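# Analysis of the macromolecular model
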Amino acid sequence: MNKAIKIGYLGLFFLWNVCFIESLAQSSTKALVKDLKDITDIMVYDVTSPVAAARYYAYITLVSYECLSAYQPTQYQSFLPLINEPLSIKLEVRPIFSNPSLAYRYALLYAANKILPSGSKLLPQVKKLELELKPIEIKYVHHIASTILDYSKTDGFLQLNNLKKYTPKRGAGYWQPTQPAFMAPIEPNWNSIRTFFLSKSDQFLTQPPVAFDMNPQSEFYRLTKEVKNVVEENNPVNNEIAAFWDCNPYAISQIGHLEFGLKKISPGGHWMGIAGIASIRSKMTIENALFSHTLLALSLHDAFVACWDEKYRSNRIRPETVINTYLDKRWTPILQTPPFPEYVSGHSVISTTSAEILTLLFGDNFKFRDNTEKEFGLRTRGYKSFRQAAEEACISRFYGGIHFMDAIDQGVWQGKKVANLIINKTQHLLN
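The model shown is predicted, which means the values in this text are computed figures rather than measured ones. (Residues numbered from 1 in each chain as written. Predicted model: local features only at pLDDT ≥ 70, side-chain atom pairs only at ≥ 80, totals over all residues. Heavy atoms only, no water.)

Scanning the protein from N- to C-terminus turns up 13 helices and four strands. Computed over its C-alpha atoms, the radius of gyration of the protein comes to 23 Å, within 12% of the 22 Å expected for a compact globule of 431 residues. Here the contacts in the protein between residues at least 6 apart in sequence split such that 80% fall between residues at least 24 apart. Carbon and sulfur atoms make up 54% of the accessible area of the protein, which amounts to about 19,400 Å² in all. Positive and negative side-chain charges of the protein, numbering 46 and 39 respectively, have mean locations separated by a distance of 3 Å. (Helix = DSSP H or I, 4+ residues; strand = E, 2+ residues; numbered from the N terminus. Rg over C-alpha atoms; globule rule 2.2 N^0.38 Å. Contact = heavy atoms within 4.5 Å. Areas by Shrake-Rupley, 256 points an atom, 1.4 Å probe, with all protein chains shown as cover. Lys, Arg positive; Asp, Glu negative; His and termini not counted. Charge placed at Lys NZ, Arg CZ, Asp CG, Glu CD.)

This is how it looks when you write it as structure tokens:
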């Protein structure tokens with residue numbers, strides 16, 4: 001065999017080896033994304049509130065990431081010294097994982113099994129992965145998980161039911177329950193939950209909402225007519241955008257005297273799904289995908305706390321209630337009105353925060369197709385960037401008839417503030 005042929009064979013072998021390694025890395029990332037999708041499905045099954053879902057994602061991904069950080073502390077620095085009430089995990093020796101990808105996936109599913117109300121549904125997957133790990137590796141994962149999950153029990157979540165019961169304020173301009181189910185408000189005391197990076201829930205106070213005033217010359221009246229008119233236009237494009245970004249876990253379908261719950265993904269779950277799409281499309285390693293999902297989840301949690309703080313401060317009335325009371329008692333929005341005050345728009349806050357975080361991680365002008373809502377009967381949508389997707393998510397609430405425009409504009413402002421603070425605190429972890 002001459003020298004040229006030998007070099008050719010060596011080149012082919014090297015290329016095959018590189019492709020094989022890349023294929024293994026991709027399969028691990030896809031498996032992680034699939035695990036997160038299974039976790040999302042459990043939350044959908046549980047009808048988990050948007051704010052609680054973000055909290056669950058944060059602690060579940062944090063457990064898995066900190067296993068990675070303990071194994072590779074130089075390359076993947078811990079989040080724990082950076083968060084409020086910093087946490088340390090005491091390990092006698094640095095863990096060694098014979099199959100790190102399986103260990104990270106095991107940690108993710110194990111944490112979800114422990115913290116989610118219906119987490120036991122994941123037990124078969126947990127047990128299957130457990131069979132492929134050594135007892136000492138399982139011990140390390142359990143120790144890290146128990147430390148972080150014990151920490152989660154001190155964030156105020158378990159005390160929510162003991163706090164003062166919320167009663168809607170009386171008077172014009174304040175939020176009231178809406179049809180069809182007239183549900184009680186969701187998590188009115190969520191601003192008492194500990195954040196990860198924000199120093200306090202009201203760190204980024206928005207401008208106060210436009211004052212309630214049904215004088216035809218007032219700014220509030222103009223905002224109200226604006227919502228009424230866009231819904232009555234019945235624009236198919238706008239309606240499709242509204243439906244795609246609905247993400248209402250509390251949607252109710254009413255047939256006669258019967259009501260049926262329509263289980264849907266949460267807004268945070270939608271953005272976690274987008275992070276999975278981006279991780280696979282960019283051929284990320286499981287380590288980088290895990291970092292990306294964890295940073296996004298922690299950011300979602302803080303963004304929701306900030307948003308909910310304002311919602312129950314302003315207690316602003318929903319467009320549906322205003323229009324039915326003062327303009328047209330038969331008017332209905334395109335989307336079902338969620339059961340909590342209007343100002344600010346939650347989608348606007350968390351979508352803006354998510355887009356800024358994902359742009360940091362994957363770059364601007366990252367094209368992708370979002371098929372997150374396909375299982376709910378909605379068509380895939382394409383975007384030129386995360387920011388474009390977020391802009392559409394924000395305006396979808398206006399198209400859907402459930403938000404005034406000032407709530408959307410100020411939600412975008414707050415979302416950017418939350419994201420920028422978190423980016424400043426964590427950007428050195430990317431180096």
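Throughout the structure, instances matching the rule amount to 21 salt bridges. When the shortest N-O distance is used, the salt bridge between D35 and R105 registers 2.6 Å. Residue D35 is found in helix α1 (residues 3-46), and its partner R105 is found in helix α3 (residues 100-115); the two are separated by 70 residues along the sequence. Taken individually, D35 and R105 each receive the classification buried, so the pair is uniform in this respect. Close ionic contact of E130 with K127 constitutes a salt bridge, the shortest N to O distance being 3.7 Å. With E130 and K127 both in helix α4 (residues 123-130) and three residues apart, this pair spans about one turn of that helix. Among the residues examined, K127 registers a relative accessible area of 44% and is labelled partly exposed. Overlapping salt bridges, with partners in common, bring together E240, R379, R381 and E392 in one network. (Salt bridge = Lys/Arg side-chain N within 4 Å of Asp/Glu carboxyl O. Buried < 20%, exposed > 50% of the residue type's maximum accessible area, 1.4 Å probe, protein only.)

As a further point, take the packing of aromatic side chains. Within the structure shown, the criterion is met by 24 aromatic pairs. Ring geometry for F362 and F366: centres 5.5 Å apart, planes at 55°, overall tilted. Given the relative accessible area of 13%, F362 is considered buried. Taken together, a centroid distance of 5.3 Å and an interplanar angle of 15° make the contact between F366 and F386 stacked. (Phe/Tyr/Trp six-rings, centres within 6.5 Å; stacked < 30°, edge-to-face > 60°.)

At a minimum axis separation of 9 Å, helix α2 (residues 50-71) and helix α5 (residues 135-152) run at an interaxial angle of 145°. Here the hand of the crossing between α2 and α5 comes out right-handed. Residues R55, Y59, L62, V63, E66, C67 and A70 of α2 form the contact with α5, whose own contacting residues are V141, I144, A145, I148, L149, Y151 and S152. Among the residues forming the contact of α2 with α5, the class breakdown is 11 nonpolar, one polar and two charged. (Axes fitted to C-alpha atoms, helices over the stretch in contact; angles between N-to-C directions. Left-handed = near helix turned anticlockwise from the far one by under 90°. Nonpolar A, V, L, I, M, F, W, Y, C, P; charged D, E, K, R; others polar.)

Turning to unusual backbone geometry, a few remarks are in order. A cis amide bond links Q179 with the next residue in sequence, P180, at an omega value of 5°. Tracing the sequence through the fold places P180 in the loop between α5 and α6 (219-233). Backbone torsion omega between Y343 and V344 reads 0°, so that peptide bond is classified as cis. For E85, which is not glycine, the phi dihedral falls at a positive 50°. One can find E85 in the loop between α2 and α3.

Next up on the list: the environment of E226. Summarising the element assignment, E226 is placed in helix α6. The sequence separation of E226 and F398 amounts to 172 residues, and the corresponding C-alpha distance is 9.0 Å. Sequence-distant contacts of E226, defined by excluding residues within four places in its chain, comprise F398 and M405.

Checked against the element boundaries, T294 lands in helix α9 (residues 286-314). Sequence separation of T294 and I422 is 128 residues, and the distance between their C-alpha atoms is 12 Å.

Further remarks concern the state of the cysteines. As used here, a disulfide is simply a covalent bond connecting the sulfur atoms of two cysteines. Applying the stated rule across the entire model yields zero disulfides. Cysteine C247 shares no disulfide, and the gap to the nearest cysteine sulfur, in C394, comes to 12 Å. Judged by relative accessible area, C247 falls into the buried class, the value being 5%. (Disulfide = S-S within 2.5 Å.)

The next thing to look at is the side chain of T40. By the element assignment, T40 lies in helix α1. A distance of 2.6 Å separates a polar atom in the side chain of T40 from a polar atom in the side chain of Y57. Contacts of T40, omitting those with residues within four sequence positions, involve Y57 and I265. (Polar contact = N/O pair within 3.5 Å; in protein donor to acceptor, adjacent residues only side chain to side chain.)

A few words on the confidence of the model for the protein. Taken over all residues, the pLDDT of the protein has a mean of 93, while the share at 70 or more is 92%. In this model, residues 12-21 is a region of pLDDT below 50 whose contacts with residues beyond four sequence positions or in other chains number zero contacts. (pLDDT = per-residue confidence, 0-100.)

This paragraph deals with the environment of N424. Within the element layout of this structure, N424 appears in helix α13 (residues 405-426). C-alpha of N424 to C-alpha of E320: the two residues are 104 residues apart in sequence and 39 Å apart in space.

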